[in-house]
Amino acid sequence: LAKTTQPISMDSYEGQEVNITCSHNNIATNDYITWYQQFPSQGPRFIIQGYKTKVTNEVASLFIPADRKSSTLSLPRVSLSDTAVYYCLVGSNTGGFKTIFGAGTRLFVKA
Amino acid sequence: EPEVTQTPSHQVTQMGQEVILRCVPISNHLYFYWYRQILGQKVEFLVSFYNNEISEKSEIFDDQFSVERPDGSNFTLKIRSTKLEDSAMYFCASSEGAAGGPYEQYFGPGTRLTVT
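Residues numbered from 1 in each chain as written. Chains lettered and ligands numbered in written order. Predicted model: local features only at pLDDT ≥ 70, side-chain atom pairs only at ≥ 80, totals over all residues. Heavy atoms only, no water.

Chemist: Which residues make up the pattern of salt bridges, and what are the values?
Modeler: Residues and elements named next belong to chain A. On inspection of all chains with the given rule, the structure shows two salt bridges over all chains. In this structure, Asp11 engages Lys110 in a salt bridge whose closest nitrogen and oxygen atoms are separated by 3.7 Å. Note that Asp11 is positioned in strand β1 (residues 9-13) and Lys110 in strand β9 (residues 105-110), a separation of 99 residues in sequence. Residue Asp11 is classed as exposed on the basis of its relative accessible area of 54%. Residue class for Lys110 comes out partly exposed when judged on its relative accessible area of 27%. (Salt bridge = Lys/Arg side-chain N within 4 Å of Asp/Glu carboxyl O. Helix = DSSP H or I, 4+ residues; strand = E, 2+ residues; numbered from the N terminus. Buried < 20%, exposed > 50% of the residue type's maximum accessible area, 1.4 Å probe, protein only.)

Shown next as structure tokens:
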């Protein structure tokens, strides 16, 4: 399982775009990149997943460069309710069904 | 939208007692997981379960832990003899396909276990 590195915390203001970058230098060919969001006392919630290039859904975009050694989660126009911990996970289902969460990035959105 | 449910939401038990945490995964999912999160710490993988057997487990999942799918809908985590350090939030998750690949995991709301 590839090790991931994210900033421990980030601050932003309402209405701004937030970009959280995750490094995963040892990503393997079969690995996908998945981001989860967690609010206090709740289970993690899937945000977005990608393999390469760019993926966009109704809540976020995920940018993955050609070498796939990093990825950037982009949250457009954040609101106070986006204050949460964001986890970047890298892995595949070929080596077993184990999922490793890192420490995540604590995003604090201010008014 | 389908969701994973867990019961109870909060369980208080005395050290040395057995507890069973219950989960109802999403009905068409085939892969099931348990995680724990000690207050203020990261989410830790405990075990994954597929085809009625454990697929993978972490070092935390020692002999005092067991999982079971007793019927077609429930997925349980048993802790045989609880310790103070087992106090944590326990999350169940399920996925349609094996996690880590192009399948997302759906997490339940968690059971807060307090061991006194």
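Chemist: How would you summarise the state of the cysteines if you had to cite specific residues and measurements?
Modeler: Here a disulfide denotes a covalent bond joining the sulfur atom of one cysteine to the sulfur atom of another. A full pass over the atoms with the stated rule returns two disulfides over all chains. A sulfur-sulfur distance of 2.2 Å marks the disulfide that ties Cys22 of chain A to Cys88 of chain A. Its S-S torsion of approximately -80° makes the covalent link between Cys22 of chain A and Cys88 of chain A left-handed. Note that Cys22 of chain A is positioned in strand β2 (residues 18-23) and Cys88 of chain A in strand β8 (residues 84-91), a separation of 66 residues in sequence. For the residue pair Cys22 of chain A and Cys88 of chain A, the accessibility class agrees, reading buried in each case. The residue that forms a disulfide with Cys23 of chain B is Cys92 of chain B, at a sulfur-sulfur distance of 1.9 Å. (Disulfide = S-S within 2.5 Å.)

Chemist: Describe the interface of chain A and chain B, listing the residues and the values that go with them.
Modeler: On the side of chain B, 28 residues touch chain A, which itself brings 22 residues to the contact. With both chains or domains summed, chain A and chain B bury close to 2000 Å², and 54% of this area falls on carbon and sulfur atoms. Counting the contacts that link chain A with chain B gives three residue pairs in polar contact (both at pLDDT 80 or more). Of all the secondary structure elements, the ones that give two or more residues to the side of chain A that touches chain B are β3 (32-38), β4 (45-50) and β8 of chain A. (Contact = heavy atoms within 4.5 Å. Buried area = accessible area lost by both parts, 1.4 Å probe. Polar contact = N/O pair within 3.5 Å; in protein donor to acceptor, adjacent residues only side chain to side chain.)

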